[in-house]
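# Working through the structure, step by step
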Amino acid sequence: MTFDFIAAGQQVIATEQAALETLKPFINHDFQQACQLILECKGRVVVMGMGKSGHIGNKIAATLASTGTPSFFVHPAEASHGDLGMITAQDVVIAISNSGEAHEILSILPVLKRLHIPLISITANGQSSLAQFANISLEIGKSVEACPLGLAPTSSTTATLVLGDALAVALLAARGFTAEDFALSHPGGALGRKLLLRVADLMHSGDNVPIVQEQTLIRDALLEISRKGLGMTAVVNQQGQLTGIYTDGDLRRTLDLEVDIRTSPIVQVMSKNPKTIRQHLLAAEAVALMEEKKINGVIVVDEQHKPIGALNMHDLLKAGVV
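Notes on the structure follow. This one's a predicted model, so the numbers in the text were calculated from it and none came from an experiment.

## Some details on the overall build of the protein chain
The secondary structure content of the protein chain amounts to 15 helices and 13 strands. On C-alpha atoms alone, the protein chain measures out to a radius of gyration of 30 Å, which is more than a quarter above the 20 Å that the 2.2 N^0.38 rule sets for 322 residues. By its C-alpha atoms, the protein chain is 90 × 60 × 35 Å across when sized along the principal axes. The buried share of the protein chain, reckoned over its 322 residues, is 42%. For the protein chain, the accessible area works out to roughly 16800 Å², and carbon and sulfur atoms hold 54% of it. Charge centroids of the protein chain, computed over 25 positive and 31 negative side chains, lie 4 Å from each other.

Structure representation (structure tokens):
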């Protein structure tokens, strides 16, 4: 007989969903006090927990740190062997224990009290030793573990993780934390590249910008396109202002018109009033412009509408913005 893995998996989800329903009433005044304490913290939020609670605590600390609340994880067993020196009187400690009786955590509580370090507990038992010792006690409620033996931490760790997310996101909103703030702590990721890189960081500038005059022959404009390797050239008037653009696509249309590229000026066949962008804008905005207008390159102009840079889709792909 084949075991019904689908039914077993669905039962786990249903059980953990029930645990989250149990958690809802505990987002209350104590939760608000905890958020306020963390918001006013002059130092960092130090999270600790043993076993599975420690793994969840590590994730909570990482989420807090990436959303505007400086935070790190300390293993309770290591704390009692020197790592308590990492915690200062300016910090707030969040201690996680489902039972509220983890002796590794309880053993260091007197030291935290002597240093006057505020303590927030997260437990399933508001009458536990840890909860009673804490300045603020947060509860996750008593839930049924999804493990059929009722032993492996499953529903309880899910509820703890969600409570940690609730703290982090509530604090994020209270701080007015923005997407750009988030990107500053994720500069190596795709989000960081999209939100931090600006057109000026990626554009070709100086002698690398393809530019020709309106009266430049098409033949010579093609040489400029070839030299600069961007598949296009800006076309400017006598004042140096952008009046048009000429691309590889324009060349195909020119050949269809049977125009003599050796004697005709570029102004006759250029695309007039091309789309442009400013250097201070986000590179992601350049992507949006190119996708919307179905173009592969764009000229960067200054306040006088003079070309100062050029950018194509390959540059954006290479930088990982797309």
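## Thoughts on the packing of helix α3 (residues 51–66) against helix α8 (residues 155–175)
Orientation of α3 relative to α8, taken along the N-to-C sense of each, is 15°, at an axis distance of 9 Å. The orientation of α3 relative to α8 falls into the category roughly parallel. Regarding α3 and α8, the two cross each other, and that crossing is right-handed. On α8, the residues that touch Lys52, Ile56, Lys59, Ile60, Thr63 and Leu64 of α3 are Thr157, Thr160, Leu161, Gly164, Asp165, Ala168 and Leu171.

## Observations concerning the packing of aromatic side chains
Overall, the coordinates contain 1 aromatic pair when judged by the stated rule. Geometrically, the ring pair formed by Phe3 and Phe5 is edge-to-face, given 5.0 Å between the ring centres and 70° between the ring planes. Across the pair, Phe5 and Phe3 agree in class, each one exposed. The ring of Phe133 carries the charged tip of Lys113 above its face, separated from the ring centre by 5.5 Å.

## Quick word on the nonpolar core
Of all hydrophobic cores here, the largest spans 27 residues; its most connected members are Val47, Leu64, Ile94, Ile120 and Leu138. A total of 5 residues in this core trace back to one element, the largest contributor, which is α8. Not counting chain neighbours up to four residues away, the residues in contact with Leu138 comprise Asp30, Phe31, Ala34, Ile120, Ser121, Ile122, Thr123, Leu163 and Leu167. Residues Val46, Met48, Phe72 and Ala102 belong to the second largest nonpolar core, which totals 18 residues.

## Topic: the packing of helix α1 (residues 5–23) against α8
Between α1 and α8, the shortest axis-to-axis distance is 9 Å and the interhelical angle comes to 45°. As the angle between them shows, α1 and α8 are arranged oblique. Considering how the two elements wind past one another, α1 and α8 form a crossing that is right-handed. Residues Thr15, Glu16, Ala19, Leu20 and Leu23 of α1 form the contact with α8, whose own contacting residues are Ser155, Thr158, Ala159, Val162 and Leu163. The residue makeup of the contact of α1 with α8, split by class, is 6 nonpolar, 3 polar and 1 charged.

## Digging into the state of the cysteines
Applying the stated criterion across every chain yields a total of 0 disulfides. For the unlinked cysteine Cys35, the closest cysteine sulfur is that of Cys41, found at 13 Å. Given a relative accessible area of 12%, Cys35 falls into the buried group.

## Let's talk about helix α14 (residues 283–293)
If you check which residues of α14 are buried, you get Ala283, Ala286, Val287, Leu289 and Met290. All buried residues of α14 lie within an arc of 165° about the axis, which places them on one face of the element. Exposed side chains of α14 directed beyond 90 degrees from the buried face belong to Glu291 and Glu292. Each element contacted by the buried residues of α14 is listed here: α11 (199–202), β11 (276–277), β12 (297–301), β13 (307–312) and α15 (313–318). Immediately beyond the C-terminal end of α14, within one or two residues, lies Lys294, with a positive phi of roughly 55°.

## Section: the sheet that holds strand β3 (residues 92–96)
Spatially, the 5 strands line up as an open sheet ordered β2-β1-β3-β4-β5, and their pairing is parallel. Both edges of this open sheet fall to β2 (71–73) and β5 (136–139), since each of them pairs with a single strand only. Pairs of neighbouring strands in the sheet enclose a mean axial angle of 20°, with direction left out of account. By the bridge criterion, 4 bridges tie β3 to strand β4 (residues 119–123) in an arrangement that is parallel. For Ile94, the partnering residue across the bridge sits in β4 and is Ile120.

## Observations regarding the side chain of Ser137
Locating Ser137 in the fold gives a position in strand β5. Relative accessible area serves as the criterion here: at 18%, Ser137 is assigned to the buried category. Excluding its chain neighbours within four sequence positions, the residues that come into contact with Ser137 are Asp30, Ser121, Gly126 and Ala131.

Rules used throughout
- Residues numbered from 1 in each chain as written.
- Predicted model: local features only at pLDDT ≥ 70, side-chain atom pairs only at ≥ 80, totals over all residues.
- Heavy atoms only, no water.
- Helix = DSSP H or I, 4+ residues; strand = E, 2+ residues; numbered from the N terminus.
- Rg over C-alpha atoms; globule rule 2.2 N^0.38 Å.
- Buried < 20%, exposed > 50% of the residue type's maximum accessible area, 1.4 Å probe, protein only.
- Areas by Shrake-Rupley, 256 points an atom, 1.4 Å probe, with all protein chains shown as cover.
- Lys, Arg positive; Asp, Glu negative; His and termini not counted.
- Charge placed at Lys NZ, Arg CZ, Asp CG, Glu CD.
- Axes fitted to C-alpha atoms, helices over the stretch in contact; angles between N-to-C directions.
- Parallel < 35°, antiparallel > 145°, perpendicular 65-115°, else oblique.
- Left-handed = near helix turned anticlockwise from the far one by under 90°.
- Contact = heavy atoms within 4.5 Å.
- Phe/Tyr/Trp six-rings, centres within 6.5 Å; stacked < 30°, edge-to-face > 60°.
- Lys NZ or Arg CZ within 6 Å of the ring centre and 35° of its normal.
- Core = buried A, V, L, I, M, F, W, Y, C linked by side-chain atoms within 4.5 Å.
- Nonpolar A, V, L, I, M, F, W, Y, C, P; charged D, E, K, R; others polar.
- Disulfide = S-S within 2.5 Å.
- Arc of directions from axis to C-beta.
- Pairing = 2+ DSSP bridges.

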